[in-house]
Structures are given as structure tokens and as C-alpha cells.
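Here's the letter readout for the chains.
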Amino acid sequence: MRIFIAGLGTETNTFAPLLTGAAAFEEGGVFRGDTSAACEGLDGVVARQWRSLAESSDADFCEGLFARAQPSGPAVQAVYEGLRDEIVDGAPPDADVILLHLHGAMVSTECLDCEGDVLARLRRRFPDAVIGALLDPHCHMTDEMLSAADALVLLKHYPHTDYKERAAELLDICLRAANGEIRPVTSVFDCRMVGFYPTEAPVMSETVAQLTQCEDRAGVLSAAIIHGFPWGDTPETGTRTLVITDGNAELGQSIAEEIGRNLYAAREELLPSYPNLDEALKEAQEKEGRIVLADVADNAGGGAPGDNVSLLRAMLDREMTNAAVGCFWDPVAVAFCADAGVGATLRLRLGGKCGVSSGEPLDLDVRVRAVKADHDQTKLAGSRYPFGASAWVEAGGIDVVITSIRSQTFAPDAFTGLGIDLATKRFIAVKSSQHFYEAFKPIADKTIFVATPGALQLDFATLPYKHKRDLDYFPRVPDPLGHQSISIRSK
Ligand SMILES: [Zn+2]
């Protein structure tokens, strides 16, 4: 049995101002054959899991290209094609099982379904291999992906904490399929919704538990919610449910519809309703204890630039001292701080550089408290993510982290790694929609998600879709399943 693994991932915000070129992949991590040994990021977590399980099953194992870029605008076509072809052409001709770590919401300047394209090309080259992909739940589920792959396994949790478990699940399904023990059949139910679904909230945590219970039923191999990525404009953008059974499409369809209809029934409750800047900061000042504020809309993890200063400006206006705010992507500002040196005071223009969603910049009198050439932070599943050269500056009683590599804020070491003592802070503001939550929970007396200005607006009814096929989705219309024929696909 010969297993080949590879990976290609970025989450494309088609409304974001920047493109994703070669440098974005180099920055995010490109590995050729040594991902399991050398990658500290999520591709390394997944590759190591696949390697250790493959070796324990005596399978022959080889690694191809893994390339991952921070979410942003569409990938440059030539860059995407180069990476795609390296994966497809790099697979050994005698591969029995091909496992890919993809995202599922990658769009290039000329292709709205990069994952479907990669999988279809592999399928044409390897008509008899078992092909499986590990996907992020913020993906778009396309017919091309479904027809080209034998198994698509999705992360169940948001924050995404289950990479190792789902990687193991995909390997197990694909190995058993290659051995002729099972015949995976996938069923997908279209919920006709666009939304945002953190899984620690009541309805979603129950739904995740329901997925796991379904997998205990005879013949069910995997069950998942396709959250969809609202800020990626593609024909298939939207929420789905997915069930893989052992050759039983009828069972898969009934479970997919049951879970999907439960979600649909809770659609009003699932709509995010976060306070605006004024409401959120007023609430934060009135509450006791340490308050963590999430800058939801300027989240680099959803393709936003990460340089909108609206929340910081509002905190300064309200004199919310004893606070830490991060992380701003502003390499120019970092360079100015590094050149000025630790202890220097200077007038610094921060943020507002990348486009309309970045808003206006902020001119601050700052003191440089620390500069680090290779700052980084803990990411998901124990992986790490680099920030590059970074600075800690203090302005108006607020400690601000500025970085050279764009990333959402995942963990407290984004601050403490520069020397900021979070234990003494009354307010901590992070640029992230959700992935920060687990790591900050132990130090937060209260977390407030703030509907800030920025690239990730949560009013899903008014997103300016041009490619999305079904525009009669919730919340754009109140009850789309009430008057539509139901869409269930199986393959
Ligand atoms: Zn995701």
C-alpha cells in the first residue's frame, strides 16, 4: 500500500483588497517532502499524524508539496497553477491512497473552485486510487470536489481544535476503502443559509455532539457541518451538512437532512448579534474583572488586512488605559520602531494602509518598549505561527503589538512573547473572530465580540455576491426552505 500526502491551502476572501502571490505562500510555509519533519504549522501537525499512523500500518509513505498562505484575496493564477501542478505531477505513479490537506475555500484569479480543480486533476491521473481530503469547515462544497474525491472529512470544531482527530479519521476511511473493506458514499444537504457558527455556543455545541453520535450508528463513517465561508463569493457559498456512509446513500441523506433541518430551525438564534464599538466598550468599562475584546471584522484569519485601528482609537478616546491591543499588521511601522530603538519616543502613523476596509490611520505618540526580530505565537493544535519582526509600543496607557507578518491573534504569547504582562491588564483586545477564544478563556473574566468596522461584516443579507448561485438564502430571505425544492446530493 503506497500513501502519498500533499497540501495546498488558503481561505480566499473575494472581497479583500489584496491578492495572494508567491511571497504569501513562502511566508505561510512551503515544504517539499519534509513537512512532517520541518513544519511547525498546521500542515506539520497533519503530516506528522498521517506519517505516524501510516508507519504503524506498514504502509509505504511519501510526502509531496505542502503550501499554505494566510487568508487574503484571490491567489495569483500562475502561482496557484504552479503549486497545483507540483502536487499533481509530484504524486508517485503507483500511489494507492492520496491524502490532501486542503482548505476548501481557495479561489484564484481565474478559478472559483481551486480544490475541485486539484482533486479533479488528481482523479484524471489516478482513476483507481483512493483520494481523500481534510477540509476546513469554512469551505465551499462543490460538485467537482464531491465527484473527484472518495472521502472529504471536515474539522468539527470552531475554533478548529481537532486537526489530529480528523486527519486520523480521513486516513482510516481511505485505507479501509483501499483495502476493499468499505465503499464511502457522501451525501450533502443544502441548508440554504449563510452564517458564522462558533461551536462553543449552545446550538452548535449540541450539533457537534449530534455529529459524533451519528458516527456511532452502523454504516456511518463521518458527519460534518460545512459552515461555508461567507466572504468567499462562489456558486456554492453557503451552509451544508455532509455525511459519509459505507455504501448507503439513503441513510446518509436522511442523517444529512435531519442535522441540516435542526440547524435551519435554529437559524434566527444562530445569527451573530454583536454590539457595535460604542456598546461594546461601554459594557466593557461597566463590567468587573479582565475583559477580552474581539475585533471580529479585521481578522486576518478571514482575509482582512489586520491594520484597522478603529477599536484602538475608540479605546484611546475612552481613556481605557491598562490595556493591551494586538496584533496590527504594519511592517513599515515596525521598521520605524526598530530603527528608533527600544526606549525611543516617536510620532508613529499606525494602520489604515491596505484599502477601504482598513479605515483611516492613527497618528500616535508612542514609546518603543520592545523590538523582536522573530516574534511568533502559539496557533491551533499546538502549532506555531511566525510574526516576523515585531514591536511593542505604548501609547496613552495602552500596549500595542505591531507585526511584520500578517496573522490573527491566536494566543496570549502574541503579547507575552514581547514582554507584555497580561496579568496586570484590565482590557485585552485581539484581532480575531473566534480562534483566540480557547487560549484566552483562562485569563478572561468576560469576552465581548465586537462588531467592528472592517473586511468581515456580519450582515450576511447584504454581502454583494456576484457568483453565488442561490440568492434566496437565509438571512437574505426569512424561510428559503419553506418554498424551495430540497437539495440533497449523493456521490
Ligand atoms: Zn476555518
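Residues numbered from 1 in each chain as written. Predicted model: local features only at pLDDT ≥ 70, side-chain atom pairs only at ≥ 80, totals over all residues.

**Student:** What should I look at first to understand the sheet that holds strand β18 (residues 488-490) in this one?
**Tutor:** Backbone hydrogen bonds are what pair the strands of a sheet, in a parallel or an antiparallel way. Here we have four strands laid out as an open sheet, ordered β8-β9-β7-β18, and antiparallel in their pairing. With one partner strand each, in any of the chains shown, β8 (220-226) and β18 form the two edges of the open sheet. The mean inter-strand angle of the sheet, taken between neighbouring strand axes irrespective of direction, is 15°. Here seven bridges tie strand β7 (residues 184-190) to strand β9 (residues 240-246), and the two strands are oriented antiparallel to one another. Considered in β9, the bridge of V188 is made with L242. (Pairing = 2+ DSSP bridges. Helix = DSSP H or I, 4+ residues; strand = E, 2+ residues; numbered from the N terminus. Axes fitted to C-alpha atoms, helices over the stretch in contact; angles between N-to-C directions.)

**Student:** When you look at helix α13 (residues 331-340) in this model, what are you seeing that I'm missing?
**Tutor:** Helical periodicity: at 3.6 residues per turn, an α-helix aligns residues three or four positions apart in one direction. Turning to α13, its buried residues number three or more, namely A333, V334, F336 and C337. Mapping the buried residues of α13 onto a view down its axis gives an arc of 160°, with all of them on the same face. For α13, the secondary structure elements touched by its buried residues are β12 (345-350), β13 (362-378), β14 (384-395) and β15 (398-403). Just downstream of α13 lies G341, where phi reads positive at about 95°. (Buried ≥ 20, exposed ≤ 12 C-beta atoms within 10 Å, placed from the backbone. Arc of directions from axis to C-beta. Contact = placed C-beta atoms within 7 Å.)

**Student:** Help me understand the pairing of strand β5 (residues 130-135), please; the structure alone is not making it clear to me.
**Tutor:** Strand residues, when the strand is regular, have side chains that alternate between the two faces of the sheet. Among the six residues that make up β5, six are buried, leaving the element largely enclosed by the rest of the structure. A two-sided burial pattern is seen for β5, the buried positions comprising V130, G132 and L134 on one face and I131, A133 and L135 on the other. Two strands pair when backbone bridges link them, and strand β4 (residues 97-102) and β5 are joined in this way by five bridges, in the parallel orientation. When the sheet's bridge partners are listed, V97 is paired in β5 with V130. In this fold, the crossover linking β4 to β5 by way of helix α5 (residues 114-125) has right-handed handedness. In this structure, β5 lies alongside strand β6 (residues 151-154), joined through four bridges in parallel fashion. Following the sheet pairing, L135 is matched in β6 by L154. After leaving β5, the chain enters helix α6 (residues 143-148) and then returns to the sheet as β6, a path that is right-handed. (Right-handed = clockwise from strand over helix to strand, strands pointing away.)

**Student:** Which parts of the structure should I look at to understand the pairing of β9?
**Tutor:** Counting buried residues in β9 gives six out of seven residues, a clear majority hidden from the surface. Strand direction decides the pairing type here: β8 and β9, joined by six bridges, are antiparallel. Bridge pairing links I225 to T241 in β9.

**Student:** Would you mind going over the sheet that holds strand β3 (residues 60-68) with me for this structure?
**Tutor:** Here we have six strands laid out as an open sheet, ordered β2-β3-β1-β4-β5-β6, and mixed in their pairing. Of all strands in the sheet, those with a lone pairing partner are β2 (30-32) and β6, marking the two edges. With direction set aside, neighbouring strand axes in the sheet form an average angle of 15°. Each of β1 (2-9) and β3 touches helix α4 (residues 77-90); the most contacted strand, β3, lies at about 175° to it.

**Student:** Is there a simple way to think about the domain arrangement of the protein chain in this case?
**Tutor:** A common way to state how big an interface is: give the accessible area lost once the parts meet. Splitting the protein chain by domain gives domain 1 (2-269) and domain 2 (277-457). On the side of domain 2, 25 residues touch domain 1, which itself brings 26 residues to the contact. Of the residues forming the side of domain 1 that touches domain 2, the biggest block, three residues, is contributed by helix α3 (residues 42-56). (Domains from an automatic or database assignment.)

**Student:** Looking at this model, I keep getting lost on the environment of G252. Mind explaining?
**Tutor:** Relative to the helices and strands, G252 resides in helix α9 (residues 249-265). Here G252 falls in the buried class, since 31 other C-beta atoms lie within 10 Å of it. Sequence-wise, G252 and S187 are 65 residues apart; in three dimensions their C-alpha atoms are separated by 5.4 Å. Filtering out sequence-adjacent residues up to four positions away, G252 remains in contact with V185, T186, S187, V243, I244, T245 and S490.

**Student:** Explanation requested: the packing of α4 against α5 in the structure shown.
**Tutor:** When two helices pack together, you describe them by how their axes are tilted relative to each other and by the distance separating the axes. α5 packs onto α4 with a crossing angle of 30° between their chain directions and a minimal axis gap of 10 Å. Classed by the angle they form, the pair α4 and α5 counts as roughly parallel. Between α4 and α5 lies a crossing of right-handed hand. Taken together, the residues of α5 that come into contact with α4 (itself represented by Y80, R84, I87 and V88) are C114, D117, V118, R121, L122 and R125. Its residues placed into classes, the contact of α4 with α5 shows six nonpolar, no polar and four charged. (Parallel < 35°, antiparallel > 145°, perpendicular 65-115°, else oblique. Left-handed = near helix turned anticlockwise from the far one by under 90°. Nonpolar A, V, L, I, M, F, W, Y, C, P; charged D, E, K, R; others polar.)

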